[in-house]
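# Summary of structural features
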Amino acid sequence: MTILAELLSTVFERRYRRESSKLKLDGRPLIELATALVGTAGETSGLALAREILSRFAELEDEEKLAFFHDIATTMDIDPELVRTTLEDYERDPSKASYRAFSEAVEPARQELIRRLNQVPGATGALVKMRADLLRLGGKEAELQALDLDFRHLFASWFNRGFLVLRPINWESPAHILEKIIAYEAVHAIDSWTDLRGRLEPADRRCFAFFHPAMPDEPLIFVEVALTQGTPGSVQALLAEDRETLAPEEADTAVFYSISNCQAGLASISFGNSLIKQVAADLSAELSGLRTFVTLSPIPGLMRWLEQEGVSREGKDAEQMKALAAYYLLNAKSRGGLPYDPVARFHLGNGAKIHAVHADADTSEKGMAQSGGTMVNYLYDLQRVAQNHENFANTREVIASAEVKALAGPVALPKTEER
């Protein structure tokens, strides 16, 4: 820290303590502090209030956090009558003033609260954790779901692609970042530092993560990549400790074999689409021999869906499991005609297509329980992903290779109901 930075920090701390003392923050209910923050015009007093709210919220028990969420959801909601009145005024006389009045009426005060809380250094990460608490505690309560929409609305702007920084993660990265890669890995667990080293150090392995300038030590999402010759069909073979390392310039395929979202508080804020496309572009620039970009993905909803359909895995050989998985990926739907499988929704929504299905591809306990050991390659054809994305968004069409369609064709199951 520079001498100037230390001086500014000292000045701020003194002002903060003076304002905290003046406002007698400690004795006031948290909702009163929140209301005061939204109404304050003073920058220094606003910072003091915001810091106090964030500090005290972090120390609350779950029951107290839930009560605070209810308080701001109800007391800082919109006024429907004011919305109707200002809309009528705007319809009668469209003007800058009437539009401003309507805009202010339709924005709940809790959005301004979240914005003002974010003025404190380091507050962005605290607010992401606050939303994680809201998602964890709020359930399906309508008023808290409305509050979550306010968080999502603001986060979608704060975490848009223009603010994100793509950074490579390797064995030389800071230890505190590597520890988080181990902790946040959500697809194929990293069991030890040796396991992590095997994914990061070899020349034919890559890892990339998105970071936000306001959270420089917290990866938002990361992808692990294997450089291979040909498309792999087994994650155990891909991660085998005794495999031979491939020279990167000999690789013709980049395999995205694990994509992990790191922040529960950023659920539904999509980064994966941008991450995969950016990594593919960067790898193409680095390695001219790469021709194919595919995933090796789990099929996490398969066994649950088969159970719902009354289909048992018992007695099914590898080819039958491949056929069932292909049928599921092409035909199993949830509400709105979207694929039942969450990973399929993600990749098809990004513009990928179902390329190949593999049996006995993930023989781990998790892989067998979720998908009977099957896995799928989604192909990212960089020349077609934009068109595929548009087709999927508009028609829900599941694009698949002829091989996958042929696999699914002979399967006969009862007609699936929308869920």
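To keep things clear, this report deals only with the structure shown in the data block. Keep in mind it's a predicted model, so treat the numbers as computed, not measured.

Calculation rules
- Residues numbered from 1 in each chain as written.
- Predicted model: local features only at pLDDT ≥ 70, side-chain atom pairs only at ≥ 80, totals over all residues.
- Heavy atoms only, no water.
- Salt bridge = Lys/Arg side-chain N within 4 Å of Asp/Glu carboxyl O.
- Helix = DSSP H or I, 4+ residues; strand = E, 2+ residues; numbered from the N terminus.
- Buried < 20%, exposed > 50% of the residue type's maximum accessible area, 1.4 Å probe, protein only.
- Phe/Tyr/Trp six-rings, centres within 6.5 Å; stacked < 30°, edge-to-face > 60°.
- Lys NZ or Arg CZ within 6 Å of the ring centre and 35° of its normal.
- Pairing = 2+ DSSP bridges.

Under the criterion given, the structure shown has 19 salt bridges. Among the salt bridges present, the one from arginine 84 reaches glutamate 81, with a minimum N-O distance of 3.1 Å. Note that arginine 84 and glutamate 81 are positioned in helix α5 (residues 80-92) at a spacing of three residues, about one turn of the helix. With a relative accessible area of 46%, arginine 84 lands in the partly exposed category. Here arginine 197 and glutamate 201 are joined by a salt bridge, their closest N and O atoms 2.8 Å apart. Look at arginine 197 and you get partly exposed, because its relative accessible area is 37%. Here the salt bridges do not stand alone but share partners, grouping Asp62, Lys65, Asp133 and Arg136 into one network.

Taken as a whole and judged by the stated rule, the model has 13 aromatic pairs. Ring geometry for phenylalanine 57 against phenylalanine 69: centres 5.5 Å apart, planes inclined by 55°, an arrangement best described as tilted. Placement of phenylalanine 57 in helix α3 (residues 43-58) and of phenylalanine 69 in helix α4 (residues 62-75) is noted, with a sequence separation of twelve residues between them. Here the two residues phenylalanine 57 and phenylalanine 69 agree in accessibility, since each one is buried. Between phenylalanine 68 and phenylalanine 69, the ring centres sit 6.5 Å apart and the planes meet at 45°, which makes this aromatic pair tilted. As far as the burial class goes, phenylalanine 68 and phenylalanine 69 line up, both buried. One aromatic cluster in this structure is built from Phe151, Phe155, Trp158, Phe159 and Phe271. Directly above the ring of phenylalanine 211 sits arginine 167, whose terminal nitrogen or CZ lies 3.7 Å from the centroid.

All right, on to the pairing of strand β8 (residues 375-379) then. With five of five residues buried, β8 lies mostly within the body of the structure. In β8, alternate side chains face the same way, and those of Met375, Asn377 and Leu379 on one face and Val376 and Tyr378 on the other are all buried. Judged from the two bridges that link them, strand β6 (residues 297-298) and β8 form a sheet pairing that is antiparallel. Paired with serine 297 across the two strands is valine 376, which belongs to β8. Where strand β7 (residues 353-358) lies against β8, five bridges are found, and the strand directions are antiparallel.

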